[in-house]
Structures are given as C-alpha cells and as structure tokens.
Amino acid sequence: MSVPSTSSVSTPSVSGEVLVLASPDVAVGFRLAGVRAESPATPGELLAALSTPSPNTALLLVEEPLLRRLTAADRERLEQRAIPVLVPFPAAHHDAESATGGVLELLRRAIGYRVRLQ
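Given the structure is predicted, the values throughout are model-derived calculations rather than measurements.

Participant: I tried to follow the sheet that holds strand E4 (residues 85–89) on my own but got confused; where do I start?
Facilitator: Pairing between sheet strands relies on hydrogen bonds along the backbone, with the strands arranged either parallel or antiparallel. Pairing is parallel across the open sheet formed by 4 strands, whose spatial order is E2-E1-E3-E4. Sheet topology places strand E2 (36–38) and E4 at the edges, where each strand pairs with a single neighbour. On average, adjacent strands in this sheet sit at an angle of 25° to one another, irrespective of strand direction. Where strand E1 (residues 17–21) meets E2, 3 bridges bridge the pair, whose relative direction is parallel.

Below you can see the structure in the form of structure tokens.
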C-alpha cells in the first residue's frame, strides 16, 4: 500500500491582508510593525469597518473592548463568516483569566465544542 506524496495532495489556501481594529494607542503599535490598523471612534464606524472590509482582507484582528460595543446579533453574524476571519484579541491592560476565556472561545468556534484548560 502506498501513501500519496504530499506534493500530489492539494490543500486549499487563503491569502490576503490583515486589518487591525483597535484603540488609537494599540493601532499605532501595529502600524509601526507594518500592519494596516484603524481606530473606529463609534460603534457605527466599527460595524462599517467590520461589515465591508477591503476585498483583499483575509484576517480581521479586533481589540475585545471594541467588539463588546456591538450587539450580540451583530457579533454573531460577523463571527459566522468564513472570510475574513474575525479574531478578537485582549486589550493592552487585561487579566490572564479574560485572555484565557478568549482563547477558549476561539477554540470552541474552531472545533465545535468547549475545551477545558488545566
């Protein structure tokens, strides 16, 4: 029995840009690293940036305090999209428990069930 070589197996790939939506202080750091970053001032501006990113955007990194400004229905609708992938990240000043909770929620969405970290 032979195993197919990895070169003959096609793997779908996604390529595109990263867009960061964060507070002004955090956005500056991402811009210095060469990543496109915006700082929406109102929930309306945030929803517009999340709903209509540029066609090249494959990954949306959003600071959690900004994401919490949206309604639960808006957040769920945005999280259901395949592309761009919405990835929340903790605020600059956070506690370890909230960061762990964010990672666990991301894993739950990715694999379909809750994981318990010990």
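Back to the text.
Participant: Can you help me understand the environment of Arg77 in this one?
Facilitator: You can see Arg77 is positioned in helix H4 (residues 72–79). A relative accessible area of 44% places Arg77 in the partly exposed class. With 26 residues separating them along the chain, Arg77 and Ser51 place their C-alpha atoms 9.6 Å apart. In contact with Arg77, other than residues within four places in its own chain, are Leu47 and Ser51.

Participant: What's the story with the environment of Ala49 in this structure? I'm lost.
Facilitator: Assignment of secondary structure puts Ala49 in helix H2 (residues 43–51). For the pair Ala49 and Leu19, spaced 30 residues apart in sequence, the C-alpha to C-alpha distance is 9.6 Å. Residues contacting Ala49, with those up to four places away along its chain left out, are Leu21 and Glu38.

Participant: Teacher, can you tell me more about the pairing of E1 here?
Facilitator: Each regular strand carries side chains that alternate between the two faces of the sheet. Note: E1 against strand E3 (residues 57–63), 5 bridges, orientation parallel. By the bridge assignment, Glu17 is partnered in E3 with Thr57. Between the parallel elements E1 and E2, the chain passes through helix H1 (residues 24–32) in a crossover that is right-handed.

So, how was this worked out
Residues numbered from 1 in each chain as written. Predicted model: local features only at pLDDT ≥ 70, side-chain atom pairs only at ≥ 80, totals over all residues. Heavy atoms only, no water. Pairing = 2+ DSSP bridges. Helix = DSSP H or I, 4+ residues; strand = E, 2+ residues; numbered from the N terminus. Axes fitted to C-alpha atoms, helices over the stretch in contact; angles between N-to-C directions. Buried < 20%, exposed > 50% of the residue type's maximum accessible area, 1.4 Å probe, protein only. Contact = heavy atoms within 4.5 Å. Right-handed = clockwise from strand over helix to strand, strands pointing away.

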